[in-house]
2 protein chains.
Amino acid sequence: MLVKNNEWFSQPKNHCANCPSARYCLAHGLSDGEVAQFSRKIKHPRPRHKGEKFFMMGDSFNSFAMVHSGCVKSYVTSRGGEHQIIGFYMPGDILGLDGIASGEHRYTAEALETTSICELAFRDYEDLCNCAPSLQWRLLDALSQKMVAEQKMLLMLGKMTSEQRLANFLLDLSSCMAARGMSAQTISLPMSRSDIANYLGLVIETVSRLFSRFQVEGVLTVQRRIIGISDRTRLQAIAYNNCEDYCELDRVA
Amino acid sequence: MLVKNNEWFSQPKNHCANCPSARYCLAHGLSDGEVAQFSRKIKHPRPRHKGEKFFMMGDSFNSFAMVHSGCVKSYVTSRGGEHQIIGFYMPGDILGLDGIASGEHRYTAEALETTSICELAFRDYEDLCNCAPSLQWRLLDALSQKMVAEQKMLLMLGKMTSEQRLANFLLDLSSCMAARGMSAQTISLPMSRSDIANYLGLVIETVSRLFSRFQVEGVLTVQRRIIGISDRTRLQAIAYNNCEDYCELDRVA
DNA sequence: CGCTCTTATTGACCTAAATCAAGACATTGC
DNA sequence: GCAATGTCTTGATTTAGGTCAATAAGAGCG
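*Asks:* Looking at this model, I keep getting lost on the protein's contact with DNA strand D. Mind explaining?
*Replies:* If you check the shell around DNA strand D, you find 17 residues, and the closest are A:Ser162, A:Thr206, B:Arg193, B:Arg209 and B:Ser212. Each atom of DNA strand D within 4 Å of the protein was assigned to sugar, phosphate or base; sugar and phosphate come to 64%. One nitrogen or oxygen atom from the main chain of A:Ser162 is found 2.8 Å from a phosphate oxygen belonging to DNA strand D. Note that a phosphate oxygen of DNA strand D is positioned 3.4 Å from one of the backbone N or O atoms of A:Val203. Elements represented by at least two residues in the surface near DNA strand D include exactly helix 8 (204-216) of chain A together with helix 8 (204-216) of chain B. Sort the elements by how many residues they give to the surface near DNA strand D and helix 8 of chain B lands first, with 4 residues. The residue makeup of the surface near DNA strand D, split by class, is 2 nonpolar, 7 polar and 8 charged.

Structure representation (structure tokens):
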């Protein structure tokens, strides 16, 4: 028994069992035993500091990565050298799903602050699927979910005004934070104004002006990167309709 | 022997084996035997005419659909009732991938011309995966590929000028046609100007003006929906850089 | 503390693309 | 044939958001 215990302790620890982000990452929904197996396959590369990259567009794709702590932005680069930010990744979010089809990463993943990730080699994923078939559906889920999120972005960039874009962005961020147990009312932005602008298809000046305007109108309180949502209903009205609901609210107010 | 032959003939025909689009759809890469099994699970709902829908945003998701002939557009609808076209689907393309995560369709799929599809129930897909495990990777591939395409759209909508958007759109359409054995030089557009405009985040007048301009500049020949690419190099220069390559070409010319 | 560097704000002005408005083709049905 | 209708083109004008430029406000550091 003691020997067995020693053996156990000398094995790699079951990180994932105690990881607060396992609720969102690929391991979500696995049984305890499966999580232990999963955990054994996870590699932890050195954390990256702000501005450092985990992988770049064009790198060969060998493994998924799940954010453990910190925050990551992904962006594609056009032939002209311009960047377009595609998404922000919070703890539990899965990086690298785009690489499956072509075998190479199609975007660059860069840390916004000191960030550590959990790597799962694609080959190990395939093996794990045999032991834990539900993992297979979990990945499909994740891909499909990411796809829906990107389709919302297409709607934003294609049809929405700058006001609507920022309002939607903040509301999404707020629920993302809430889902991770943080305050939904006060958001500490991990990204710069310039990142937000790029993500929303705007320029930094426009974003800055919008923050100021929303503050004057009493919708937000803004202290650099600390954003307080003072009037969520109003923010939702701006986000969703730009006119109808908003006017109704105006009449009531 | 004869009895057996009769039995064979009385079974549903192996559609997929002779389908020219099987080269692009979910069945791609399966062995002959697997294709036959796959084919047996396929349902063919009645074709839809122009403007009719296969499914709508919010409908419950039960099956994938692959375009057999014709062309489909997909769009999401905002709370304000505005549409944003997300993609166009040619023969072989897979519809409904967005529904996996939530169990409901997240966009509406509408025929652009008389269109027939091949349906594969999600349950049947799961069963097929047991007999043909490669199908599982094929679906991941398709999802990942679609994702990459959507990321390119984000770059277009976020960073590109109207000129660049239309040029990229036409080039993509051209290679899509070429991949399906049609002419890469002359494209017969299945969608209206208004659909193109919506897809590219522009208004119809802008698209119309661009077509006219490209025609005057000798890049395209335009006869309503028949578009000829007269100067592909120039079109690529417009699509990719808007300036540098373009100016180089100008100097050479 | 003052110096530099990065990030953010604010104002004045400009432009790409939207909006508004009027026709011009095609296509369909009567 | 000719209304009627949907699709597309073209011109005149407006505007949301971009560009350019100056300033401010932190953050890190010797």
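*Asks:* Where do I start with the packing of helix 2 (residues 32-41) of chain A against helix 4 (residues 122-131) of chain A in this structure?
*Replies:* Helix-helix packing: each pair is described by the crossing angle between the helix axes and the interaxial distance. All names here are of chain A. Relative orientation of the contacting elements helix 2 and helix 4 amounts to 165°, with a least axis distance of 11 Å. Classified by the interaxial angle, the pair formed by helix 2 and helix 4 is roughly antiparallel. Here helix 2 and helix 4 pass one another in a crossing that is right-handed. On helix 4, the residues touching Glu-34, Gln-37, Phe-38 and Lys-41 of helix 2 are Asp-124, Leu-128 and Cys-131. Residue classes in the contact of helix 2 with helix 4 are distributed as 3 nonpolar, 1 polar and 3 charged.

*Asks:* Would you explain the relation of the copies chain B and chain A in this entry?
*Replies:* Both copies of the chain are related through a single rotation about an axis accompanied by a shift along the same axis. Superposing chain B onto chain A takes a rotation of 180° combined with a translation of 0.0 Å along the rotation axis, leaving an RMSD of 0.0 Å. When the rotation and shift are considered jointly, the pair of chain copies conforms to a two-fold rotation axis. When the interface residues of chain B are mapped onto chain A, 100% of them again lie at the interface, so the same face is used by both copies.

*Asks:* Help me out: how do you make sense of the pattern of salt bridges in this one?
*Replies:* Side-chain pairs of opposite charge can arise whenever the charged atoms involved come near each other. Residues and elements named next belong to chain A. Taken as a whole and assessed by the stated rule, the structure comprises 14 salt bridges over all chains. A salt bridge links Asp-124 to Lys-41, with the shortest nitrogen-to-oxygen separation between them at 3.9 Å. Placement of Asp-124 in helix 4 and of Lys-41 in helix 2 is noted, with a sequence separation of 83 residues between them. Taking the relative accessible area as the measure of exposure, Asp-124 reaches 18% and is therefore buried. In this structure, the salt-bridge partner of Lys-152 is Asp-172, at a minimum N-O distance of 3.1 Å. With a gap of 20 residues between them, Lys-152 in helix 5 (residues 134-159) and Asp-172 in helix 6 (residues 162-179) connect regions that are remote in the sequence. For Asp-172, a relative accessible area of 35% translates into the label partly exposed.

*Asks:* Even after reading the chapter, I still don't get the sheet that holds strand 8 (residues 186-188) of chain B, so can you show me in this structure?
*Replies:* Neighbouring strands of a sheet are bound in pairs by backbone hydrogen bonds; such pairs are parallel or else antiparallel. Residues and elements named next belong to chain B. The strand order across the open sheet built from 3 strands is 8-10-9, with neighbouring strands paired in antiparallel fashion. The sheet is open, and its two edges are formed by strand 8 and strand 9 (220-223), each paired on a single side. Averaged over all pairs of adjacent strands, the angle between their axes in this sheet comes to 15°, without regard to strand direction. Pairing geometry for strand 9 and strand 10 (residues 226-229), over 4 bridges, is antiparallel. Within strand 10, the residue paired with Thr-221 across the bridge is Gly-228. Where helix 6 (residues 162-179) meets the sheet, it contacts strand 8, strand 9 and strand 10, and its direction lies at approximately 90° from that of strand 8.

Reading the values: the criteria
Residues numbered from 1 in each chain as written. Chains lettered and ligands numbered in written order. Predicted model: local features only at pLDDT ≥ 70, side-chain atom pairs only at ≥ 80, totals over all residues. Heavy atoms only, no water. Near = heavy atom within 4 Å. Polar contact = N/O pair within 3.5 Å; in protein donor to acceptor, adjacent residues only side chain to side chain. Helix = DSSP H or I, 4+ residues; strand = E, 2+ residues; numbered from the N terminus. Nonpolar A, V, L, I, M, F, W, Y, C, P; charged D, E, K, R; others polar. Axes fitted to C-alpha atoms, helices over the stretch in contact; angles between N-to-C directions. Parallel < 35°, antiparallel > 145°, perpendicular 65-115°, else oblique. Left-handed = near helix turned anticlockwise from the far one by under 90°. Contact = heavy atoms within 4.5 Å. Least-squares fit on C-alpha atoms with pLDDT ≥ 70 in both. Salt bridge = Lys/Arg side-chain N within 4 Å of Asp/Glu carboxyl O. Buried < 20%, exposed > 50% of the residue type's maximum accessible area, 1.4 Å probe, protein only. Pairing = 2+ DSSP bridges.

Structural measurements only, silent on function.
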